[in-house]
Amino acid sequence: MRLLLLGAPGSGKGTQGQRLASHFDVQHVASGDVLRAEVRAGTPLGREVASYQRRGDLVPDQIVFDLVTPVVVAAAARGGYILDGFPRTVPQAIEAADLGRRLDVTLDAAVYLNVPDSVLTERLLARARADDSAEVIRHRLQVFTKTSSPLIDYYRDRGILMEVDGSQSAEAITAEIKSRASGR
Ligand code: AP5
Ligand code: MG
């Protein structure tokens, strides 16, 4: 199974990514986690990544490709993946499609977890990761609307968009994605 989870900050990409990866026995590839691991490693690149993540700005595409592509390639070789947060710009989607062609794999579905902004903010304030302050959350939501939401139409145009009501319980969302993905 090869799925992409697309959704605003707090929409449940990480939660569903873990649950679906374990169900389908594939790797959960979360770009935010890959980038945070680089920050923890304390490399110069990690310091650069941290400066974007701290503000809630997207990390430049080239850095994302350099760090995330090897993880996607390894997961593809092991039979599939649940992509969480990558691609999240149109240039990243074009590059990811190109990578898919080189690896001879295609996405089964791009799952859009649709959740109202008020619910997203409430969830993130309750979690309190380093980038979960009210001000940074507001900015992350704006960045999603401006830069990542065009991917909804991008994948709809390619016939693989699966829109899901992400304000349901985590269990109900997983069940819906499992049943709709298996029908593809
Ligand atoms: P990233 O780590 O991807 O964060 P995000 O997109 O802001 O999303 P979150 O991880 O905050 O939320 P989520 O959708 O995973 O929800 P979760 O399951 O945790 O990116 C962080 C930063 O890294 C970016 O700002 C950027 O700087 C950089 N970055 C990452 N990828 C990049 C890329 N491709 N290009 C450029 N830059 C990139 O849930 C949130 C909370 O809600 C949790 O507490 C959870 O328990 C709860 N919850 C989840 N589901 C439910 C539910 N159904 N009901 C009730 N509560 C729920
Ligand atoms: Mg996440």
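Residues numbered from 1 in each chain as written. Chains lettered and ligands numbered in written order. Predicted model: local features only at pLDDT ≥ 70, side-chain atom pairs only at ≥ 80, totals over all residues. Heavy atoms only, no water.

1. Overview of the overall build of the protein chain
Scanning the protein chain for helices and strands turns up 9 helices and 5 strands. Relative to the 2.2 N^0.38 estimate, which gives 16 Å for 184 residues, the radius of gyration of the protein chain is 16 Å and therefore close to what a compact globule would have. Projected onto the principal axes, the alpha-carbon positions of the protein chain cover approximately 40 × 35 × 30 Å. The long-range fraction of contacts in the protein chain, counting pairs at least 24 apart against all pairs at least 6 apart in sequence, stands at 72%. Accessible surface, the protein chain as shown: approximately 9000 Å² in total, 51% of it carbon and sulfur. (Helix = DSSP H or I, 4+ residues; strand = E, 2+ residues; numbered from the N terminus. Rg over C-alpha atoms; globule rule 2.2 N^0.38 Å. Contact = heavy atoms within 4.5 Å. Areas by Shrake-Rupley, 256 points an atom, 1.4 Å probe, with all protein chains shown as cover.)

2. Section: the packing of aromatic side chains
Considering all chains together, one arrives at 2 aromatic pairs under this definition. Ring centres of Tyr 154 and Tyr 155 lie 4.9 Å apart, and the angle between their planes is 80°; this geometry places the pair in the edge-to-face category. Positioned above the aromatic ring of Tyr 52 is the side chain of Arg 55, whose terminal nitrogen or guanidinium carbon lies 5.4 Å from the ring centre. The ring of Tyr 154 has Arg 158 sitting right over it, with the charged end atom 3.6 Å from the ring centre. (Phe/Tyr/Trp six-rings, centres within 6.5 Å; stacked < 30°, edge-to-face > 60°. Lys NZ or Arg CZ within 6 Å of the ring centre and 35° of its normal.)

3. Observations concerning the sheet that holds strand S3 (residues 81-84)
Overall, parallel pairing links the 5 strands, which are arranged S2-S3-S1-S4-S5 in an open sheet. Edge positions in the open sheet fall to strand S2 (27-30) and strand S5 (161-165), since each of these has one partner strand only. Taken over all neighbouring pairs, the strand axes of this sheet differ in orientation by 20° on average, direction set aside. Sheet topology note: the strand S1 (residues 2-6)/S3 ladder contains 4 bridges and is parallel. Looking across to S3, one finds that Arg 2 is bridged to Tyr 81. (Pairing = 2+ DSSP bridges. Axes fitted to C-alpha atoms, helices over the stretch in contact; angles between N-to-C directions.)

4. Let's talk about unusual backbone geometry
In this structure, Pro 87 follows Phe 86 across a cis peptide bond, with omega equal to -5°. Mapped onto the elements, Pro 87 comes out in the loop between S3 and helix H5 (90-103). A positive phi angle, near 55°, is found at Asp 25, a position not held by glycine. Tracing the backbone through its elements, the reader meets Asp 25 in the loop between helix H1 (13-24) and S2. Positive phi, close to 65°, is recorded for Ala 128, a residue that is not glycine.

5. Remarks on the side chain of Ser 31
With respect to the helices and strands, Ser 31 occurs in helix H2 (residues 31-41). Given a relative accessible area of 4%, Ser 31 falls into the buried group. Among all residues touching Ser 31, those that are not within four sequence positions of it are Val 68, Asp 84, Gly 85, Phe 86 and Arg 88. (Buried < 20%, exposed > 50% of the residue type's maximum accessible area, 1.4 Å probe, protein only.)

6. Here's the deal with the layout of surface pockets
Roughly 770 Å³ of internal volume is contained in the largest pocket. Lining the largest pocket are 40 residues, with Lys 13, Arg 36, Arg 88, Arg 129 and Arg 140 sitting closest to its centre. Looking at the lining of the largest pocket, the elements that each hand over two or more residues are S1, H1, S2, H2, helix H3 (44-55), helix H6 (117-127) and helix H7 (134-148). If you tally residues by element for the lining of the largest pocket, the top one is H2, at 5 residues. Considering only residue class, the lining of the largest pocket consists of 14 nonpolar, 15 polar and 11 charged. The wall of the second largest pocket is formed by 19 residues, among which Ala 96, Ala 97, Val 105, Thr 106 and Leu 107 lie closest to the centre. Those elements that place two or more of their residues in the lining of the second largest pocket are S3, H5 and helix H8 (150-157). In terms of residue count, the dominant contributor to the lining of the second largest pocket is H5 (7 residues). Among the residues forming the lining of the second largest pocket, the class breakdown is 15 nonpolar, 2 polar and 2 charged. (1 Å grid on protein atoms, 1.4 Å probe; cavity = no way out; pocket = protein on both sides within 12 Å on 5 of 7 lines; lining within 4 Å. Points joined across faces, edges and corners; volume = space filled by probe spheres on them. Nonpolar A, V, L, I, M, F, W, Y, C, P; charged D, E, K, R; others polar.)

Function cannot be read off these values alone, since they describe shape.
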